[in-house]
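Chain and residue survey
These are the residues of each chain, in order.
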Amino acid sequence: MAKLQSPRGTSDLLPEVMAGHRHVTDTAKTVSLSFGFEEMATPVFEFTEVFARPLGETSDVVSKETYTFTDRGGESLTLRPEGTAGAVRAMISSGLTQTMPQKYFYAGPMFRYERPQKGRMRQFHQIGVELLGVPSAIGDAEVITLGHMVLSRLGVADHCVLNLNTLGDTESRQAYRQALVEYLNGHKDNLSEDSQRRLHLNPLRILDSKDAGDKDILVNAPDLADYLNAVSADHFAAVREYLDAVNIKYQINSRLVRGLDYYGHTTFEFITDALGAQGTVMAGGRYDGLTAMLGGGDIAGVGWAAGIERLAMLSDIPSPPPVDVMMIGTSEPHMATLFQLAMPLREQGLRVETGYASNLGKQMKRADRINAGHVVILGDDEAARQVAMVRSMTDGHQDEVAINDLVEHMIGRIRQRQI
RNA sequence: GCGGGUGUAGCUCAGUUGGUUAGAGCGCGGGUUUGUGGUACCUGAGGUCGCCGGUUCAAUUCCGGUCACUCGCCCCA
């Protein structure tokens, strides 16, 4: 059927789905705040260079996944494919590079043009944190610890494994890169087509190839750990000590490379096996060169981002608060009376639903469907005696209550039930 | 961008080895109960059988294309 539908890879966040998203962002925000990270937001689009340079022109994200367009003024703009570059740009734009450290939490939509799959959308949502201006290992550790706490509050930490690696500093990485290319060139003809291409563009990416033939070749490939200089090795050791100190388990994965060019030193991913091919639930690392790339000077950074859709699929979503009272009037004037009486109840924090029509049976049915705890009925009989009928939907008991006392009566009744 | 699977009512799915009125359960409307929900019974509405084309006397069914969804690859949260 030729239905009117949302564009491919996008989806509506109807209340039930939205509740999951809210749960994820709310708990992440709360945890972030407890670490001193405060919420911020950047525009969903930026000048194209903001992403093109730091992420790497050859990265897949930039070369084939961005939504880029020219606006009416002739500027090339890009819908953000991730949050870090924009957050760093915002810090630079606002002159905050003089005030270190900066600690940000953000949540919002991201856009990547790719084939949708389970846990992978063209418009998807991420939460993330960025810690700027802290070059030492305690920064890496804090950010990872924060991420771990978010996952554990969401009840997904037990289903995830923290993979940890270091890419070393620029010097170490270049030395390793050279050794790796040298080794792989010797096996060039046996590499997969994709990896042969990557050999020129980004050889490190070959390390996490899923091709069986590539994997065989990689068994004897040089190990990055052997090429770390003293600074890089010390940094990584310190990160691990911090994590050990707070008892966070991890697994060293020397093949964990990450797709974006701006990473150096620590990289990590929390991975689950519960989401098919999209196992990465939260990923990040250190990006000390990024701020300089955007023209903001030499400022260190570490952070992570996590997919809200993926997290929501893995966590138990608490059900919304129940409806406390539904107000049913059997005619316009009675509905008007209840309309007024509902206000002080809501001001007391009760959740009060309106019966929008006068057919009592139908309204009762709706009260049942939305799981209302009580129903207040005002009809001609009651109105004539200045009372209203208060019915408990759980046990079916109903009492007449004077209209003048109704507000106080309902508040008392529901408060009592809540204790 | 590449490969596999799927597409029948609001939802979950049967079905027609090509044939006249296409079904079920749930949900929805009305009623038994003209001021009382959750149970039960009765009853009703709702379908271009994704779209376009081909084969055929006849296509929802066969064939081709296309679109969408879905799973995987690439890549990534």
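Residues numbered from 1 in each chain as written. Chains lettered and ligands numbered in written order. Predicted model: local features only at pLDDT ≥ 70, side-chain atom pairs only at ≥ 80, totals over all residues. Heavy atoms only, no water.

Section: the overall build of chain A
What counts, and what does not: Counting from the N terminus, the helices are DSSP H or I runs at least four residues long and the strands are E runs at least two residues long. Only the C-alpha atoms count toward the radius of gyration. The rule for a globule is 2.2 Å times the residue count to the power 0.38. Per-residue accessibility, obtained with a 1.4 Å probe over protein chains only, is compared with the maximum for each type, and a residue is labelled buried under 20%, exposed over 50%, and partly exposed between these values. Note on contacts: a residue pair is in contact if any heavy atoms of the two residues lie within 4.5 Å. Surface accessibility in these figures is a Shrake-Rupley result with a 1.4 Å probe; residues are shielded only by whichever protein chains are displayed. Asp and Glu count as negative and Lys and Arg as positive, but His and the ends of the chain are not part of the count. The atoms used to mark charge sites are NZ of Lys, CZ of Arg, CG of Asp and CD of Glu.
The helix and strand tally for chain A stands at 15 helices and 16 strands. A compact globule built from 419 residues should have a C-alpha radius of gyration of about 22 Å, whereas chain A, at 28 Å, is more than 25% larger. In terms of principal-axis extent, the alpha carbons of chain A reach across some 95 × 55 × 45 Å. Split into buried and exposed, the 419 residues of chain A put 49% on the buried side. A fraction of 68% describes how many contacts in chain A between residues 6 or more apart in sequence connect residues 24 or more apart. Of the roughly 21,300 Å² of accessible surface on chain A, a fraction of 50% belongs to carbon and sulfur atoms. If the 41 positive side-chain charges of chain A are averaged to one point and the 53 negative ones to another, these points end up 5 Å apart.

Side note on the sheet that holds strand β9 (residues 264-272)
What counts here: The pairing criterion for strands is at least two bridges between them, as found by DSSP. Here an angle of 0 to 180 degrees is reported between the N-to-C directions of two axes, which are lines fitted to C-alpha atoms, with helices fitted over the stretch in contact.
The mixed open sheet is built from 8 strands, whose spatial order is β1-β5-β6-β11-β10-β9-β7-β8. A strand with exactly one partner marks an edge of an open sheet, and here the two such strands are β1 (38-39) and β8 (251-252). Against the sheet, helix α5 (residues 137-153) touches β5 (102-111), β6 (123-132), β7 (160-166), β9, β10 (280-286) and β11 (301-307), its axis set at about 20 degrees to β11.

As for the pattern of salt bridges
To be explicit about the condition: The rule for a salt bridge is simple: a side-chain nitrogen of Lys or Arg has to be within 4 Å of a carboxyl oxygen of Asp or Glu.
Using the criterion set out here, one finds 9 salt bridges in the structure. Across the pair K29 and E39 runs a salt bridge whose closest N-O atoms are separated by 3.3 Å. Of the two residues, K29 sits in helix α1 (residues 15-34) while E39 sits in strand β1, which places them 10 residues apart along the sequence. A relative accessible area of 28% places K29 in the partly exposed class.

Quick notes on the environment of L14
In this fold, L14 is placed in the segment before α1. On the basis of relative accessibility, which here comes to 55%, the residue L14 falls in the exposed class. Residues L14 and D399, spaced 385 residues apart in sequence, show a C-alpha to C-alpha distance of 37 Å.

Observations regarding the side chain of H21
Checked against the element boundaries, H21 lands in helix α1. According to the relative accessible area criterion, H21 is buried, its value standing at 5%. Discounting chain neighbours no more than four positions away, the residues touching H21 are L13, H125, I308 and E309.

As for the sheet that holds strand β15 (residues 387-392)
Across the sheet, 5 strands lie side by side as β13-β12-β14-β15-β16; this open sheet has mixed pairing. Both edges of this open sheet fall to β13 (352-354) and β16 (398-402), since each of them pairs with a single strand only. In this sheet, adjacent strand axes meet at a mean angle of 25 degrees when their direction is disregarded. Both strand β12 (residues 325-329) and β13 contribute to a ladder of 3 bridges, which runs parallel. Residue pairing for β13: M327 is matched across the bridge by T354.

Things to note about unusual backbone geometry
Note the cis peptide between M100 and P101, where omega equals -5 degrees. With respect to the helices and strands, the residue P101 is situated in the loop between α4 (84-93) and β5. For N247, which is not glycine, the phi dihedral falls at a positive 65 degrees. Within the secondary structure, N247 sits in the loop between α9 (230-245) and β8. According to the relative accessible area criterion, N247 is exposed, its value standing at 56%.

Side note on the nonpolar core
To be explicit about the condition: Among buried residues, the Ala, Val, Leu, Ile, Met, Phe, Trp, Tyr and Cys ones that are joined through side-chain atoms within 4.5 Å form a nonpolar core.
By size, the foremost hydrophobic cluster in this structure holds 38 residues, and its most contacted members are I127, V150, W304 and L311. Per-element tally for this core: the top contributor is α5, with 6 residues. Setting aside residues up to four positions removed in sequence, L311 forms contacts with V24, I127, L151, L154, V156, V281 and A306. Grouped together as the second largest cluster of nonpolar side chains are 33 residues, M40, L55, Y104 and L180 included.

Quick notes on the domain arrangement of chain A
Buried accessible area, meaning the area lost when the parts come together, often serves as the stated size of an interface. The following threshold applies: Residue ranges labeled as domains rest on an automatic or database domain assignment.
Split into domains, chain A comes out as domain 1 (15-169 + 229-314) and domain 2 (325-418). The C-alpha centroid of domain 2 is placed 49 Å from the C-alpha centroid of domain 1.

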